[in-house]
Amino acid sequence: PVVPQLIIPIKTALNTRDPEIVCTTLKIMQALVLSGDMIGEALVPYYRQILPVFNIFKNKNFNVGDGIDYSQRKRQCLGDLIEETLQLFETHGGEDAFINIKYMIPVYESCMLA
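Residues numbered from 1 in each chain as written. Predicted model: local features only at pLDDT ≥ 70, side-chain atom pairs only at ≥ 80, totals over all residues. Heavy atoms only, no water.

Glancing now at the overall build of the chain. Helix and strand content of the chain: seven helices and zero strands. From first element to last, N terminus to C terminus, the chain shows the α and β order α-α-α-α-α-α-α. Here the chain holds 114 residues, and 38% of them are scored as buried. Counted over contacts in the chain with a minimum sequence separation of 6, partners at least 24 positions apart contribute 62%. (Helix = DSSP H or I, 4+ residues; strand = E, 2+ residues; numbered from the N terminus. Buried < 20%, exposed > 50% of the residue type's maximum accessible area, 1.4 Å probe, protein only. Contact = heavy atoms within 4.5 Å.)

A separate point is the packing of aromatic side chains. Under the criterion given, the structure shown has three aromatic pairs. Ring geometry for Y47 against F89: centres 5.3 Å apart, planes inclined by 10°, an arrangement best described as stacked. A residue pair is termed long-range when its members are at least 10 positions apart, and Y47 in helix α4 (residues 47-57) and F89 in helix α6 (residues 78-92) qualify at 42 residues. You can call Y47 buried: its relative accessible area is 1%. (Phe/Tyr/Trp six-rings, centres within 6.5 Å; stacked < 30°, edge-to-face > 60°.)

If you check the backbone angles, R17 has positive phi at about 60° while not being a glycine. Here R17 shows up in the loop between α1 (3-15) and α2 (19-35). By relative accessible area, R17 is classed as partly exposed at 46%.

It is worth spelling out the packing of α2 against α6 at this point. For the pair α2 and α6, interaxial distance at closest approach is 10 Å and the crossing angle is 20°. Considering their axes alone, α2 and α6 lie roughly parallel with respect to each other. Judged by the twist between their axes, the crossing of α2 over α6 is left-handed. Across from P19, V22, C23, L26, K27, M29, Q30, V33 and L34 in α2, the residues of α6 making contact are L78, L81, I82, E84, T85, L88, F89 and H92. Along the lines of polarity and charge, the residues of the contact of α2 with α6 split into 12 nonpolar, three polar and two charged. (Axes fitted to C-alpha atoms, helices over the stretch in contact; angles between N-to-C directions. Parallel < 35°, antiparallel > 145°, perpendicular 65-115°, else oblique. Left-handed = near helix turned anticlockwise from the far one by under 90°. Nonpolar A, V, L, I, M, F, W, Y, C, P; charged D, E, K, R; others polar.)

Time to look at helix α7 (residues 97-104). Along α7, the positions that sit buried rather than exposed are A97, I101 and M104. Seen end-on, α7 carries its buried residues on one side only, within an arc spanning 65°. Facing away from the buried surface of α7 by more than 90 degrees, the exposed residues are I99 and Y103. (Arc of directions from axis to C-beta.)

In terms of nonpolar packing, the biggest core is built from 29 residues, with L14, L43, Y47, L51, F54, L86 and F89 touching the most fellow members. Sorting the residues of this core by element identifies α1, α2, α3 (39-43), α4, α6 and α7 as the ones contributing at least two each. (Core = buried A, V, L, I, M, F, W, Y, C linked by side-chain atoms within 4.5 Å.)

Read these as spatial facts, not as claims about activity.
What follows is the structure in structure tokens.
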């Protein structure tokens, strides 16, 4: 019953579109999904509210060529964090999770099929 109360603060944090805040929010959402059995499934009805910002930043990866990207170690690469979070949503969200993610993020490919 706590999940609905968390949606507005999560949505507000994501809507700042500040990369640092979005990164932190994504990490918190990952921890939330992993913290209990049914939490992933409880989030599914709220995908329409929280996933639009994911779509904006989904391809926000750094192209450093042959350089070294130190943000990977700190988990600050938005594109990678979003992909990780979506995969957690899919694996812990039950049978309707993938359909709902795909509706909001058409380019998302299932991690369950691989």
